[in-house]
Amino acid sequence: MYTIEHLQDNNLDYVKLGNSSNTSFAKIFLHQGGSLQELYINNTAVIKDMAPLQYSVTYASAILFPFANRIKDGHYSYDQNEYQLDINHKIENNAIHGLVYDKRVKVKRKEVTEDQASITLVYTELHKSKGFPYTYNIELEYVLTEESLALHVTVKNTDVKPFPFTIGWHPYFYSPDLADSYLNFEAEKKVVMNDRMITLGLEDYHYQQKFEIGDNQLDDCFKLSKNVIHFVTSKYKMEMNSSTKNTFLQIYTPPDRSHIAIEPTTGISDSFNNKIGLQVLDPNEAYRVSWNLSLRIMK
């Protein structure tokens, strides 16, 4: 039988989904935008607490909405109006990773069975900020089973005006041997960026059967031709599927060299200006995207 616990400890506020033996569980932090901070499958760490690195630096497992990645100088124009977002990455002078990563979400629905646990979290934006003057509702449904985790996201425009958006997810995956781990994905383009990680354009990319990580410091983005990503370590094999037709993949390795960010997104850096992957959500309309992780533990 699966269980769902609501726990509060040392200024942390999170829910824990897990099986009765505690061999597979997920911790989702309510005060950090409903982000998935820990995931263990069959006693194997897939997503771990990244301390001493802080969430305010890593944005670990954050939901990236209404924009993924960066907006140059936090400035964009839409519908013949100019907007200025807060600069929350001051070194680059960019707005980064959207507006919901630090919001407090509420529990809307819980369900447990013999085979799985699911929880639906909700955040309702009623305040029209200067940089994004729209209201919206965002729901996150996490579903945990013995060997998988699914994240279903629904965004509804509750405003009277359409708004632009991209969306993404920013999970970091743990590997005890990251240099010897590898990715497998099919891509048709690679994003060219400047030293502020702002998109300059796209270039042709020749698909590689095996994308080796090695000792490389990665911060790269690709336009996928197939919405399936594999990550292989000595402890587990993961398959990530995205429900979107057009998916970009951002890969980033932080300094600790034991984690890698594998980020599916619907747009790229500065999408509000270059329009690559940008979509528009009309009033009272909803947008849905699902990311599914399937894990196989190595014996």
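Residues numbered from 1 in each chain as written. Predicted model: local features only at pLDDT ≥ 70, side-chain atom pairs only at ≥ 80, totals over all residues. Heavy atoms only, no water.

A. Looking closely at the pattern of salt bridges. Overall, the coordinates contain 10 salt bridges when judged by the stated rule. Put simply, Arg 70 and Glu 92 hold a salt bridge, and the shortest N to O gap is 2.6 Å. Of this pair, Arg 70 sits in strand S7 (residues 70–72) while Glu 92 sits in the loop between strand S9 (81–84) and strand S10 (94–96), placing them 22 residues apart in sequence. As far as burial versus exposure is concerned, Arg 70 and Glu 92 are alike and both buried. The partner of Lys 103 in a salt bridge is Asp 102, with the nearest N and O atoms 3.5 Å apart. (Salt bridge = Lys/Arg side-chain N within 4 Å of Asp/Glu carboxyl O. Helix = DSSP H or I, 4+ residues; strand = E, 2+ residues; numbered from the N terminus. Buried < 20%, exposed > 50% of the residue type's maximum accessible area, 1.4 Å probe, protein only.)

B. Layout of the sheet that holds strand S3 (residues 25–29). Overall, antiparallel pairing links the 5 strands, which are arranged S1-S2-S3-S4-S5 in an open sheet. Looking along the sheet, the strands with just one partner apiece sit at the ends: strand S1 (2–9) and strand S5 (44–47). Between one strand and the next, the sheet's axes are offset by a mean angle of 20°, whatever the strand orientation. (Pairing = 2+ DSSP bridges. Axes fitted to C-alpha atoms, helices over the stretch in contact; angles between N-to-C directions.)

C. Here's a closer look at the side chain of Thr 120. Looking at where Thr 120 falls in the secondary structure, it is placed in strand S12 (residues 117–125). Discounting chain neighbours no more than four positions away, the residues touching Thr 120 are Lys 106, Val 107, Lys 108, Arg 109, Glu 139, Leu 140 and Glu 141. (Contact = heavy atoms within 4.5 Å.)

D. Broad picture of the side chain of Ser 148. Relative to the assigned elements, Ser 148 resides in strand S14 (residues 148–157). A distance of 2.5 Å separates polar atoms of two side chains, one belonging to Ser 148 and the other to Thr 145. Residues in contact with Ser 148, not counting those within four places in the same chain, are Ile 41, Val 143, Leu 293 and Ser 294. (Polar contact = N/O pair within 3.5 Å; in protein donor to acceptor, adjacent residues only side chain to side chain.)

E. Broad picture of the nonpolar core. Counting residues in hydrophobic clusters, the biggest one holds 70 residues, and the most contacted among them are Leu 39, Tyr 142, Phe 173, Phe 185, Phe 231, Ile 260 and Ile 262. At 6 residues, strand S26 (residues 286–297) tops the list of elements feeding residues into this core. Sequence-distant contacts of Ile 260, defined by excluding residues within four places in its chain, comprise Pro 171, Tyr 172, Phe 173, Leu 178, Leu 183, Ile 213, Leu 218, Phe 231, Ile 251, Tyr 252, Thr 253 and Pro 254. In terms of nonpolar packing, the next biggest core, distinct from the first, is built from 7 residues, Leu 64, Ala 68, Ile 96 and Tyr 101 among them. (Core = buried A, V, L, I, M, F, W, Y, C linked by side-chain atoms within 4.5 Å.)

F. Fine view of the environment of Ile 63. With respect to the helices, strands and loops of the structure, Ile 63 is situated in strand S6 (residues 62–64). Separated by 27 residues in sequence, Ile 63 and Leu 36 have C-alpha atoms that sit 9.4 Å apart. Not counting residues up to four positions away in its chain, the partners in contact with Ile 63 are Gly 33, His 97, Val 100, Tyr 101, Ile 138, Leu 140, Tyr 142, Leu 151, Gly 168 and Trp 169.

Coordinates in, geometry out; function isn't part of it.
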